Amino acid sequence: EAVSSLRRNFMIAHRNDPMNLTMPFVALSMALGTFLSTMKVVKFEATKFFNTKVRTQIKNFGPVTVIMTFTLLNLLPWFKKFHVPTLIVPDTFQLAGGRSFLVGLKDIPTNYRMLCALPALLLTALFFMDQNISVRLVNSPDNKLKKGPAYNVDMVALGVITGVLSIFGLPWMCGATVQSMNHVRAMSETRLNPETNEIEIARVTETRLTGFIIHAMLASTVMLLPLIKTIPIPVVSGVFLFLGRKLMTGNSFLKRITDAFAERRRLPDNNPINLLGRKKTLIYTGMQVLCLLGLFGFK
């Protein structure tokens, strides 16, 4: 989505004035600046500068500071001439198109309801895959969680929530893979492994309170609509690029893709290629790639 947004800026500018691509390049610079700056402040915790408390504060509040800095930059009079697009937010709280709160299901013809069964089946598969991918990533042994998984309960809750949201015509709930993983990392205490020289999770504070507080704060942003509409879209794209890149760190699926081109004897003994063979690993990884492409296609 972030790349599509940046690409859209070039397409719009080229359609309006092919000789003037200043705006899309400025937007691209803001997105890359947000991405690189956020990566730097998050990694600051592992540096040697200042003490542990200061480094932790910079890591926790650095991304917000980066967003505010680029937003203030876009508000400067000399910068407004670039016309960098900002978030489109309505002035008042309302449903899309000014429709009523409840969906008029009785107004839909019966034959249309029957035709909706096929996409509903595909959406059910999408919800199942999206939810399970997110939950299994969160419950990875690397995160060292103590609370046991409850996959069946998760699916029941997801089904009930989806049914209620459908009646009111509200956006469906999704697994929110990137947000879920970043929530786990935010609740984690990390340490530097002297053997691998990498940051690893020591323990995770497991609580439901943070989830409720986060979504309560998200709901409260309705009161901040005049401020939210000043945030440049490229800045949001840069944040999405950072979240996606962060999720790729330590991902075994991506690691197997790169290992497919590596020399076998240079791989560790516990590598899937050495344990199962290159052919079986490639077949399994290829099936995962096809499933991932199918997931993107459904979305």
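This is a predicted model, so every value here is computed, not measured. (Residues numbered from 1 in each chain as written. Predicted model: local features only at pLDDT ≥ 70, side-chain atom pairs only at ≥ 80, totals over all residues. Heavy atoms only, no water.)

Asker: So, a nonpolar patch on the surface: which residues are in play, and what are the values?
Answerer: Among the surface-exposed residues, Val103, Leu105, Ile108, Tyr112 and Leu115 lie close enough to one another that they form a single nonpolar patch of about 460 Å² accessible area. When you line up the elements, Leu105 lands in the loop between helix 3 (52–75) and helix 4 (110–115). Residue classification places Leu105 among the partly exposed residues on the basis of a relative accessible area of 46%. (Patch = residues over 30% accessible without salt bridge, like charges linked within 9 Å, V, L, I, M, F, W, Y side chains within 5 Å. Areas by Shrake-Rupley, 256 points an atom, 1.4 Å probe, with all protein chains shown as cover. Salt bridge = Lys/Arg side-chain N within 4 Å of Asp/Glu carboxyl O. Helix = DSSP H or I, 4+ residues; strand = E, 2+ residues; numbered from the N terminus. Buried < 20%, exposed > 50% of the residue type's maximum accessible area, 1.4 Å probe, protein only.)

Asker: Can you tell me about the layout of surface pockets, naming the residues and giving the values?
Answerer: In this structure, the second largest pocket occupies an estimated 270 Å³ of space. Around the second largest pocket, the lining residues are Leu105, Cys116, Pro119, Ala120, Leu123, Thr124, Phe127, Thr162, Ser166, Ile167 and Trp172. Only helix 5 (117–138) and helix 6 (151–168) provide two or more residues apiece to the lining of the second largest pocket. Broken down by element, the residue count for the lining of the second largest pocket peaks at five residues, all from helix 5. Grouping the amino acids of the lining of the second largest pocket by side-chain chemistry returns eight nonpolar, three polar and no charged. (1 Å grid on protein atoms, 1.4 Å probe; cavity = no way out; pocket = protein on both sides within 12 Å on 5 of 7 lines; lining within 4 Å. Points joined across faces, edges and corners; volume = space filled by probe spheres on them. Nonpolar A, V, L, I, M, F, W, Y, C, P; charged D, E, K, R; others polar.)

Asker: Give a description of the packing of aromatic side chains that names residues and reports values.
Answerer: Evaluation of the coordinates by the stated rule reveals six aromatic pairs. When the centroid spacing of 5.7 Å and the interplanar angle of 75° are considered together, the rings of Phe127 and Trp172 count as edge-to-face. Of this pair, Phe127 sits in helix 5 while Trp172 sits in the loop between helix 6 and helix 7 (177–186), placing them 45 residues apart in sequence. Taking the relative accessible area as the measure of exposure, Phe127 reaches 18% and is therefore buried. Take Trp172: its relative accessible area is 43%, and that puts it in the partly exposed class. (Phe/Tyr/Trp six-rings, centres within 6.5 Å; stacked < 30°, edge-to-face > 60°.)

Asker: Describe the environment of Gln131, listing the residues and the values that go with them.
Answerer: Looking at the element boundaries, Gln131 is found in helix 5. On the basis of relative accessible area, Gln131 is assigned to the buried category, the value being 10%. Once the C-alpha coordinates of Gln131 and Lys279 are considered, the two residues, 148 residues apart in sequence, prove to be 30 Å apart. Contacts of Gln131, omitting those with residues within four sequence positions, involve Asp154, Met155, Leu158 and Gly175. (Contact = heavy atoms within 4.5 Å.)

Asker: Break down helix 13 (residues 278–298) for me, with residues and values.
Answerer: Counted at 1.5 Å a residue, the expected span for helix 13 with its 21 residues is 30 Å, and the 30 Å between its end C-alpha atoms agrees. Residues of helix 13 that are buried include every one of Thr281, Thr285 and Leu295, and no others. Taken around the axis of helix 13, the buried residues stretch over an arc of 70°, which confines them to a single face. Opposite the buried face of helix 13, at more than 90 degrees from it, the exposed residues are Lys279, Lys280, Met287, Leu290, Leu293 and Gly297. Summarising the contacts, the buried residues of helix 13 are in contact with helix 5, helix 11 (252–259) and helix 12 (272–276). (Expected span 1.5 Å × (residues − 1). Arc of directions from axis to C-beta.)

Asker: Describe in detail the pattern of salt bridges, supporting the description with residues and values.
Answerer: Overall, the coordinates contain one salt bridge when judged by the stated rule. For Lys255, the salt bridge is made with Asp259, and the minimal N-O distance between the two is 3.2 Å. Pair noted here: Lys255 and Asp259 are both in helix 11, with a separation of four residues, about one helical turn.

Asker: Tell me about the packing of helix 1 (residues 2–16) against helix 2 (residues 22–43), residues and numbers included.
Answerer: As a packed pair, helix 1 and helix 2 sit with axes 8 Å apart at the nearest point and diverge in direction by 170°. Looking at the two axes, helix 1 sits roughly antiparallel to helix 2. In terms of crossing hand, the pair formed by helix 1 and helix 2 is right-handed. Where helix 1 approaches helix 2, its residues Leu6, Asn9, Phe10 and Ala13 are matched on the opposing element by Met23, Pro24, Phe25, Ala27, Leu28 and Ala31. Its residues placed into classes, the contact of helix 1 with helix 2 shows nine nonpolar, one polar and no charged. (Axes fitted to C-alpha atoms, helices over the stretch in contact; angles between N-to-C directions. Parallel < 35°, antiparallel > 145°, perpendicular 65-115°, else oblique. Left-handed = near helix turned anticlockwise from the far one by under 90°.)

Asker: Describe the packing of helix 5 against helix 13, naming the residues involved and giving the relevant values.
Answerer: Packing of helix 5 against helix 13 brings their axes to within 10 Å, and their N-to-C directions diverge by 125°. With respect to helix 13, the element helix 5 is oriented oblique. Taken as a pair, helix 5 and helix 13 cross one another with a handedness that is left-handed. Contact with helix 5, carried on its side by Leu122, Leu126, Met129 and Ile133, involves Cys291, Leu295 and Phe298 of helix 13 and no other residues of that element.

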